[in-house]
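Residues per chain are reported as follows:
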Amino acid sequence: MPANKGKETTGTAEAEKSPGAEERTKLMIASDIHGSAYYCRRMLEAFRASGAERLLLLGDILYHGPRNDLPRDYAPKDVIGMLNPYADRILCVRGNCEAEVDQMVLDFPVLADYALFMTERLTIYATHGHIWNPEHRPPMIPGTILLNGHTHVPRCEEYPDFLYMNPGSVSIPKEDSPHSYMLLEEETFTWIDLETGKEYRKYQI
Ligand SMILES: [Fe+2]
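Residues numbered from 1 in each chain as written. Predicted model: local features only at pLDDT ≥ 70, side-chain atom pairs only at ≥ 80, totals over all residues.

1. Let's talk about the overall build of the protein
Move 1: When helices and strands are counted, the protein shows 3 helices and 12 strands.
Move 2: Each of the 205 residues in the protein was classed as buried or not, and the buried ones make up 38%.
Move 3: Within the protein, counting contacts between residues at least 6 apart in sequence, those at least 24 apart form 57% of the total. (Helix = DSSP H or I, 4+ residues; strand = E, 2+ residues; numbered from the N terminus. Buried ≥ 20, exposed ≤ 12 C-beta atoms within 10 Å, placed from the backbone. Contact = placed C-beta atoms within 7 Å.)

If you want it as structure tokens, here you go:
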């Protein structure tokens, strides 16, 4: 991952905290499960342990996709059964592997091309990345954080008028990146290795 000029640190603190131990809003950001029951289970274990209120999924949930090998424990029906109980806590955008039939089996919306939302001080444009990405940027107000999945490579990059972040993939990481997800708490983004639970990157706005 390229270096950037922000207030960045690397660390080894444990990702797990007691749920409900604090009042601050926390969001978990993950992407590209691609039907892996094993990594979906690990992701939800991390979600419960994090104390995050919401889980933002950046697409490519159920299918492995023709360009990927089958991920560990490929079982889309099992992934459906694991995610639906969390439907009231999941925010999701559509990946390029999502089909309309996926909405028939998932209890949370999965067919939106993007989600634009605000936290107390941040504006976030979340989209899978096959359409809108740093090279083909969507219309955004200055200072917006562009969140993509799709590449399966974690990123944190500063552009003149926006920030680009990518949590990587929980199931099929590429370019020697870890199985990975992100947490957002207040104005601090943290990238965490799903298999070790260790933070490996932090960026504070
Ligand atoms: Fe993907």
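Following the structure, the description resumes.
2. Re the nonpolar core
Move 1: In terms of nonpolar packing, the biggest core is built from 42 residues, with Met28, Ile29, Met43 and Tyr181 touching the most fellow members.
Move 2: The element contributing the most residues to this core is helix H1 (residues 37–50), with 6 residues.
Move 3: Those residues within four positions of Met28 in sequence are excluded, and the remaining contacts are Phe47, Ser50, Ala52, Leu55, Leu56, Tyr181 and Leu183. (Core = buried A, V, L, I, M, F, W, Y, C linked by C-beta atoms within 7 Å.)

3. Points about the sheet that holds strand S6 (residues 123–127)
Move 1: The sheet built from 5 strands is open, its strands ordered S5-S6-S7-S9-S8 with mixed pairing. Unpaired on one side and paired on the other, strand S5 (114–118) and strand S8 (155–158) mark the two borders of the sheet. Neighbouring strand axes in the sheet, compared pairwise and without regard to direction, differ in orientation by 15° on average.
Move 2: Relative to S6, S5 runs antiparallel, the two being bridged by 5 bridges. By the bridge assignment for S6, Ala115 is matched with Ala126. (Pairing = 2+ DSSP bridges. Axes fitted to C-alpha atoms, helices over the stretch in contact; angles between N-to-C directions.)

4. Things to note about the environment of Leu146
Move 1: Relative to the elements of secondary structure, Leu146 occurs in strand S7 (residues 144–147).
Move 2: Accessibility expressed as a C-beta count within 10 Å gives 23 for Leu146, which makes it buried.
Move 3: With 10 residues separating them in the primary sequence, Leu146 and Cys156 have C-alpha atoms 10.0 Å apart.

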